[in-house]
Amino acid sequence: ESDAGDYTCVCGDEQSTASLTIHALPPLFKEELKNKEAKEGGEVSLHCELTKAAPVEWWKNQRILKASEKYKLRQEGTKAELVIHGVAEEDA
């Protein structure tokens, strides 16, 4: 439920009304991605955290990543994680 709206103070037959507008802050990175190293054939996890819950996309170079056997995309609240399975040289 939003806190925005009209608020009224009532005293007997008198009343005063004001409107409250909320200026939402954009989500920012609270915890940035960190550089990682991984062994070929293993798995690696990249994770970040936002200041507020919002949908994220994962990209490699100029290509968006979709969930698959190789890429597991998880998001819980403000935390987002990408797990890469079966790491190969081309994943660098």
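This is a predicted model, so every value here is computed, not measured. (Residues numbered from 1 in each chain as written. Predicted model: local features only at pLDDT ≥ 70, side-chain atom pairs only at ≥ 80, totals over all residues. Heavy atoms only, no water.)

**Side note on the pattern of salt bridges**
Following the criterion strictly, the structure yields four salt bridges and no others. Ionic pairing is found between Lys30 and Glu49, a salt bridge with its closest N-O pair at 3.9 Å. Of this pair, Lys30 sits in strand β3 (residues 29–31) while Glu49 sits in strand β4 (residues 44–50), and the two are 19 residues apart along the sequence. On the basis of relative accessible area, Glu49 is assigned to the buried category, the value being 15%. Of the charged contacts in the structure, one is a salt bridge between Arg74 and Glu81, with a shortest N-O distance of 2.8 Å. What makes Glu81 partly exposed here is its relative accessible area of 22%. (Salt bridge = Lys/Arg side-chain N within 4 Å of Asp/Glu carboxyl O. Helix = DSSP H or I, 4+ residues; strand = E, 2+ residues; numbered from the N terminus. Buried < 20%, exposed > 50% of the residue type's maximum accessible area, 1.4 Å probe, protein only.)

**What to know about the UniProt feature "domain: Immunoglobulin I-set" (unreviewed entry) in the protein**
UniProt feature "domain: Immunoglobulin I-set" (unreviewed entry): in the numbering of this structure it lies at residues 28–92. Taken end to end, residues 28–92 is 0% helix and 40% strand, and its first and last C-alpha atoms sit 26 Å apart. (UniProt positions renumbered as here; feature names shortened; annotations may be inferred.)

**A closer look at the side chain of Asp91**
As for its position among the elements, Asp91 is in the segment after β8 (79–84). Reaching out from Asp91, the side chain makes a polar contact with the backbone nitrogen of Ala88 at a distance of 2.8 Å. If we ignore the near neighbours within four places in the chain, the residues touching Asp91 are Lys60, Lys70, Tyr71, Ile84 and Gly86. (Polar contact = N/O pair within 3.5 Å; in protein donor to acceptor, adjacent residues only side chain to side chain. Contact = heavy atoms within 4.5 Å.)

**Quick word on the sheet that holds strand β7 (residues 71–76)**
In spatial order, the strands read β3-β4-β8-β7; together these four strands make up an open sheet with antiparallel pairing. Sheet topology places β3 and β7 at the edges, where each strand pairs with a single neighbour. The average undirected angle you get between the axes of adjacent strands in this sheet is 25°. Of the strand pairs in this sheet, β3 and β4 are connected by two bridges, and their pairing is antiparallel. Note that in β4 the partner of Glu31 across the bridge is Glu49. (Pairing = 2+ DSSP bridges. Axes fitted to C-alpha atoms, helices over the stretch in contact; angles between N-to-C directions.)

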